[in-house]
Amino acid sequence: MTSKLDDQWQAIQQKVFTKWCNMHLGKRGKSIENIQTDFGDGIKLVDLLEVISAEPLGKFNKNPKMKIHKIQNVNIGLDFIAKKGVKLWGISSEDIVDENLKLILGMIWTIILRFAIADISEEELNAKEALLLWCKKKTAGYDGVKVENFHNSWADGLALCALIHAHRPDLIDFNSLDKSDKRGNIQKAFDVSEKELGITKLLDVEDLVDVPKPDERSVMTYIAQFYHVFSANRKNEIAGRRIGKLVDLTKTNDELKHDYEKQASEHSKWLKDTTEKLGDREFGNSLDEIKKLLSDLNKFKSEEKPPKVADKLALATLNNTIQVKLSSAGHPPYNPPNGLSTSDINNQWNDLEKAQALREEALLAELARQQLLDLLARRFNNKAIQLENWIKQQQEELSKEDNIDNVEAAEKKLKALEVFKVEYEQNKDRLKELHSIKDEYCKNNGKDKEPITERANKIQNDFDSLNDLINKKSSNLNDSLSKQQAMEELRKKFANAAKEYNLWVKETNGDLSSTVFPDSLEGCENYKSNLDENDSLINSSNNEKKKNLDDLWEEEKNMGITSNPYTIFTNDDILSWYNSVNDSINERRKSYENELERQRLNEEKRKEFANEAQSFIDNLENRKNEINNLTGEPNELINLIKSNYNDGKNEKENLDKLSNLQDEMSKMGIMENRHTPYTIPILNVHNDNLSRYIRNRISALEEEGNAKKEYNENARKLINWINETKPNIRSEFDNTLDGIKSIKEKWNNHKTTDRAQRGLDKIHLETLYNKIQSSQESNNRPKFEPEDELKIENIKSIWDNYFEEGKKWENEINQELSRQEKLFMQVKHFNSEADELQSKIDNHNEFLNRNDDINNLDESRIQLMTMDVFDEDYKSSIDRLNLLKSRSEKIKNLNYNNQSSIDSRVNDLEEKLNQIKLNSSEKREKLKSENDNQEKKESLRIDFAKKAKSYEKFVRDSKFELDDKNFGTTLDSVKENESKLDESDKNYISKSDEKKNQCINSHNELLNNNISDLNNHTDKSIDDINRLYDELNNAIESRRNAYNDELKRQIEFDNERKQWAENAKSFIDDLDNQKKSIKEVSGTPEEKTQKVKEIFNEGNELKEKLENLNNSNTEMREKGIYGNDYTPYTMNALQKRLQQHVTAVNNILSYYDEEKEFIQREKDNEKQWQEKQELEQRRLDFEFKCKNLIMFIDSIQDILTDPINASSIQEVEDLQKEFESAANELSSKQSDYDEIQNELKSLNDNGINVSSDITTSKWNDANSQVSSRRDQISSALEKQKENDKLSKEFADKANNVDKWIENSSSTLGSSSGDLDAQLQAIRDLNLDEGYNLLSELEEIARKLAEADVRTNPYTELNVPSIKARIDELNSSKKSKTSVIEKEILSKKHSTASPEQIEEFKEVFAHFDKNKTNSLNSSEFKSCLQSLGEDPSDSEMEQLMNQLGTKNGDDPSTIGFENFLNHMIKITSDTTTENEISQAFRDLAQDKDFITADDLRRSGMPTEKIDYLLSEMPAFEGIEGGYDYKKWAQSAFSR
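Computed from a prediction, not measured in an experiment: that's the story for all the values here. (Residues numbered from 1 in each chain as written. Predicted model: local features only at pLDDT ≥ 70, side-chain atom pairs only at ≥ 80, totals over all residues. Heavy atoms only, no water.)

Enquirer: Can you lay out the packing of aromatic side chains for me, pointing to particular residues and giving the numbers?
Expert: Inspection of every chain in the model, using the stated rule, returns 24 aromatic pairs. For the ring pair Phe 150 and Trp 154, a centre distance of 6.4 Å and an interplane angle of 0° mean the geometry is stacked. Trp 154 shares its class with Phe 150; the two are buried. An aromatic cluster is defined as three or more aromatic residues linked by ring pairs; in this entry it consists of Tyr 501, Trp 504, Phe 569 and Trp 577. The cationic tip of Lys 546 hangs over the ring face of Tyr 578; the distance from NZ or CZ to the ring centre is 5.3 Å. Above the face of the Tyr 693 ring, Lys 624 is positioned so that its terminal group lies 4.5 Å from the ring centre. (Phe/Tyr/Trp six-rings, centres within 6.5 Å; stacked < 30°, edge-to-face > 60°. Buried < 20%, exposed > 50% of the residue type's maximum accessible area, 1.4 Å probe, protein only. Lys NZ or Arg CZ within 6 Å of the ring centre and 35° of its normal.)

So, in structure tokens, the structure goes:
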């Protein structure tokens, strides 16, 4: 990426530098086309340097032919550059001649920088900075323009347009440019510069836009042209600067005057409006409104007013600034409009201060009045609430309907009424005090005087009306007393009758609730007649007793009796008892119906379980049949079986349902079920049998699947072998005898190895096929049907086809061998053929004489196959013999002289072959015999394997059946199974013996035939048969043992049932005996209670027996014992009987307690009545004393709790006197309070529920309030004293600060003396003193704020106002110092404006890098260039000699003062009216008028030109002409 950018910049520099060179070479009518090559001879380099330096370089070779001549020419140019003080680092003449583009560009850049921009070498940075600073200054303030470098800052074209507009605003409308149109802006700048300013377009638009970073050197080269063009327009620029200076001064003064008048006008308006508002006296008539107005006034003083004070000072400072600037410029002084002068503003401030003081005085007076009214209103409200609450309470009490239901209550109410009459008289004083407060409030014109008066009158009326209520109440209470005395006797009569009825009801309900029904359906149905008779008797007695009590109750009701201290029972209780008996009858009847229904439901539940159990058994059988009926191949069928069976989930769910049903029956108390022989354990056994059957079925199918898989795999392997081998049987004959012999040998080897082994595989496959079919038949499975390709018939067909193909191939081999041998024999001797045949014969004999051991059928079959191969080979030998005979005949025909030897040899070979034939026949017979023997052995092995497998299956199935150990769930059913078990054992043993003997016989047959080796058809041995036999016998024995165990268990269960039945009967007998004994007890309630408890003994004996029965019942259920025919009782029935008995006993004991309580109550009533009368009187006296003390405490609450709103020492002292009087009176009441507390304890000890909580609370609160109030008043007094001290201290310091501010403001506003004296006076003004005073004042103000002091009677001054005035002094000091300094500097350098001097300072500081306040030669030149000056080298040397100072051997430097004097001298912006007119004439080119175009050539900013065009009058007779002389006269006159 970097390399690509370098190449891009290099291309741009090459283009720009070429244009720059041609711009100068064109002056001599020359140019370059390729900057890399055209400077190579040095000629154009010399031309370029002579043009740009305007100096001759001397002689050079104008027609260089040799490289050395070119180098000499280039050296002339380089030497000239070096003489100009420019160091060319790393650039030699050879580099230029050798066309090193990078170094050539470097050289040209050095030339440009030196001759077109500035000094070079180590000073390059200054030159660059000078040009950059010049660009920054010229484009400053243009929107969107920020020149920071010579690359990206120029990429959008705005900086170029701004640079043109800054010097020639008439050429470009900058504000109309589209900032987003970079290309358009750049192109516009290029075109205008070239056309209007004559600046050569060195760059193209793409050089700035289409690159990430424009080339800095190229941009600097182009921008330098602008610097030189605009620097040449100095005269117009100086004229424009002079006019602009006057424009700035005039505009500034006009703007300052306008600002002053605007601010003064607004300030004056605020003063008038605020003074008017402060004079408003409509305050409102409430404390909150006054407080808010005071708060608003304080907020005005601390927030709104201080900034306005600062504004006042700022106006004075602004006026002073205007006067200074006008005086400094020699203009007449400024007189503000009427009412806006600083003296006018001061007068308005005095008016405001007076209005503020008067308003504050009025507000404080109103605050005092409102605080008094607030206190009176609060006191009135407190006392009114106390009276209203008391009156309301008494009204409610006197108006309340008295529910008097006994004599005691009537007498108590009469005494309470007497106490109230006394209290009524005492409250008349409180009412009088209320009216006194009301009158004072109205006298002070309180805002709520009407509602307060209305409320006081209502309280008076309500108080007066209490007297009538008292008289009415007294009459009613006397009547009630007489009535209650007559009612007392009737209460006692009712109480006795209710007691007797209560006992009868409890006994009857107990008998009814303890009824136990028969625990069978038949018994419940027969019990109904007894139930009807007993219900009739109870109903008759219940009706009679209730009628008697109802009559007594009605008599009480008629007399208004609402309570009975002699009994707790009411008519509702009588009705409740009556209903409870009826309810008990109905409940017993309902219980009977429920029990009858329960027995029916139990019977239905038994039948439901029986049906579900039978359904479960049927479903198991159906499931087994479903699985047996499933068809398919093993894997598929196994999945079907598993899917169908689903791990027995359905059976498990059904078993869970049956178990839940069994649990439900148990909870219902069902322990036996005569409708089914099945229980959950038996059903689990049946379910386990099905699960075991399915597992065995799946195991058999897996064996079948494995066998079929083995068949299919072996069959496919055989077919694949045939298919792979058959195409490869044949091979190409190579037409040689050795080749055909090799093929023949390979074929024979194939027949005796691979083909022989595959022949055995075929035989084994057929055996496996037959074995599978046999197994399918024995397992009642469909016949095995392999896929068509793997069918045994197809395999035989493929094998036969392969075998026939082999025979054909063998014939072809033999034919080819014969052919080859014939050919060979034609060229070989007879003896050789004979030798070969002899060798063949020897091999035959060797084979026939070999004695091969045959151990199994496979080996015998291979030997027979080998004999077949031998016979084929023998036939081949015969063919050779015949061939030999033929050759012998041929030899004989040739009259071979040794024919006899040949014949003899032929005969000998023939005899040997004949003998071999005989030997071969013998061996074949022997092999056939051995094969027959092996086939017989194999048959015996297969027979044993079949019988062993059959026996194994029999044993497995028998063990499965013998695992069923369900013999019944009762003793009878188990005994019935014994004969069936004997018959079953006999059958199993008989079949086992038969099948075992068959296996033994087959095994003996194997042994008789000397067969003791491994049997490939089974993994079972005779030992395994014996083991299976033992396993079956063990299973039979295990079942028999299980039967015996179950028989023994059932006998034990039966004995446990009998024992539990006997214990249940014993429990019932004990319970009935205890019940009888309890009914026979007599004596007092205490005696009867003691006897019953002794008999019952908390039911411990009965509970213990029932617990034992329950434990036995639980153990029996855990063992599986449910039904019990030896007893009618269940555990639920026994528990219910005991529970009923306990309830009955508790009822009896409860009755005895009530009877005892009733007797005691009669004795205590009389005594308690006397004691209560005495205590009631004491209670009334106690409450009277409490109320008196409370009334006193309420009367002093205002004094103790009113807020302390004092704002002076005297007010606090007045409150203190009032408080001490109330505190002393409270202290005198201590003895009354102590007496109340002593009486409270005595009454509470005597059971009188009275309380002094309110009295105590009010007493304690009052004493606490006294202590707190004393501290509050003391604190308030100290606070007022401290506040007064702080207020005085604040006032003293504030007045001192105010005087200091006035003095400082006077100094700051003074214009006496010259500017230097004024500046020194301002500098001598120490504002830190004011801030220190302010800090002290703020600390005091903080303390006053913390003390909540809002007003200060000793001063109107405040911190925010003072701080604002000091801040404004500080701001004014800085502002006036700056103005005077500028004016002094301007006067000192009268030919330069302050703005110009500021600019000179800024540029000087920029190039003063080491901060020495001096510049060296290069820094000085850069500084001049950035200000638009472009001195030549000789001019620079002259300036350094004139202005510079030397320090030893160091180069000369120029200090700031010399620099400033020089700049003022060359800029000379004098501003007299004549000089301004001359400046206009220079721009107007000596015309008496000036045009807009003339002004635009000045380089003045557009806004100044627009200002002049709007201010200058038109020149008479000239369209577009302006009279600059009139404007200048006007500007200098104001």
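After presenting the structure, the write-up continues.
Enquirer: Which residues make up the pattern of salt bridges, and what values do they have?
Expert: On inspection of all chains with the given rule, the structure shows 68 salt bridges. Between Lys 179 and Asp 143 there is a salt bridge, with its nearest N and O atoms 2.4 Å apart. Taken together, the positions of Lys 179 in the loop between helix H7 (158–167) and helix H8 (182–196) and Asp 143 in the loop between helix H6 (124–139) and H7 put the pair 36 residues apart, joining distant regions of the chain. We classify Lys 179 as partly exposed; its relative accessible area is 41%. Take Asp 143: its relative accessible area is 52%, and that puts it in the exposed class. When salt bridges with common partners are traced through the structure, they connect Lys 528, Asp 532, Asp 535, Arg 588 and Arg 589 into a single cluster. (Salt bridge = Lys/Arg side-chain N within 4 Å of Asp/Glu carboxyl O. Helix = DSSP H or I, 4+ residues; strand = E, 2+ residues; numbered from the N terminus.)

Enquirer: A description of helix H23 (residues 754–778) should follow, citing residues and the corresponding values.
Expert: End to end, H23 covers 36 Å across 25 residues, agreeing with the expected 36 Å (1.5 Å per residue, within 8%). Looking at the residues trailing H23, positive phi occurs at Asn 780, about 60°. (Expected span 1.5 Å × (residues − 1).)

Enquirer: Outline the environment of Asn 1249, listing residues and values.
Expert: If you trace the backbone, Asn 1249 turns up in the loop between helix H36 (1230–1245) and helix H37 (1253–1309). Looking at Asn 1249, the relative accessible area reads 77%, which means it is exposed. The spacing of Asn 1249 and Arg 1179 is 70 residues in sequence and 9.0 Å in space, taken between C-alpha atoms.

Enquirer: Hey, could you go over unusual backbone geometry for me, with residue numbers and the actual values?
Expert: Non-glycine residue Asn 1413 carries a positive phi angle of around 60°. Here Asn 1413 shows up in the loop between helix H41 (1394–1407) and strand E1 (1414–1415). Here Asn 1413 falls in the partly exposed class, since its relative accessible area comes to 46%. The backbone of Asp 1486 shows a phi angle near 70°, a positive value even though the residue is not glycine. Positionally, Asp 1486 belongs in the loop between helix H45 (1473–1483) and helix H46 (1492–1496).

Enquirer: Explain the nonpolar core to me, and be specific about the residues and the numbers.
Expert: The nonpolar side chains of soluble globular proteins are, as a tendency, buried together. One finds Phe 39, Ile 108, Ile 117, Trp 154, Ile 223 and Phe 226 to be the most contacted residues of the largest nonpolar core, which totals 79 residues. Residue contributions to this core peak at eleven residues, all from helix H5 (residues 101–117). Residues contacting Ile 117, with those up to four places away along its chain left out, are Trp 109, Ile 112, Ala 127, Leu 131, Met 220, Ala 224, His 228 and Gln 1425. Counting 27 residues, the second largest nonpolar core, distinct from the first, contains Ile 1193, Ala 1223, Leu 1240 and Ile 1248. (Core = buried A, V, L, I, M, F, W, Y, C linked by side-chain atoms within 4.5 Å. Contact = heavy atoms within 4.5 Å.)

Enquirer: Which residues make up the packing of helix H30 (residues 1022–1079) against helix H32 (residues 1100–1119), and what values go with them?
Expert: Contact geometry of H30 with H32 gives a least axis separation of 10 Å together with a crossing angle of 160°. Considering their axes alone, H30 and H32 lie roughly antiparallel with respect to each other. Pair H30 / H32 crosses with left-handed handedness. Between H30 and H32, the contacting residues are Arg 1049, Phe 1053, Glu 1056, Arg 1057, Trp 1060, Asn 1063, Ala 1064, Ser 1066, Phe 1067, Asp 1070, Leu 1071 and Gln 1074 on the first element and Leu 1102, Lys 1105, Leu 1106, Leu 1109, Ser 1112, Asn 1113, Met 1116 and Lys 1119 on the second. (Axes fitted to C-alpha atoms, helices over the stretch in contact; angles between N-to-C directions. Parallel < 35°, antiparallel > 145°, perpendicular 65-115°, else oblique. Left-handed = near helix turned anticlockwise from the far one by under 90°.)

Enquirer: Give a description of the confidence of the model for the protein that names residues and reports values.
Expert: Per-chain confidence: the protein averages 81 in pLDDT, with 93% of residues scoring 70 or above. Within the protein, the lowest mean pLDDT, 70, falls on helix H40 (residues 1359–1388), and the highest, 90, falls on H8. Low pLDDT, under 50, characterises residues 119–124; the stretch is placed with 18 contacts to residues that sit more than four places away or in other chains. (pLDDT = per-residue confidence, 0-100.)

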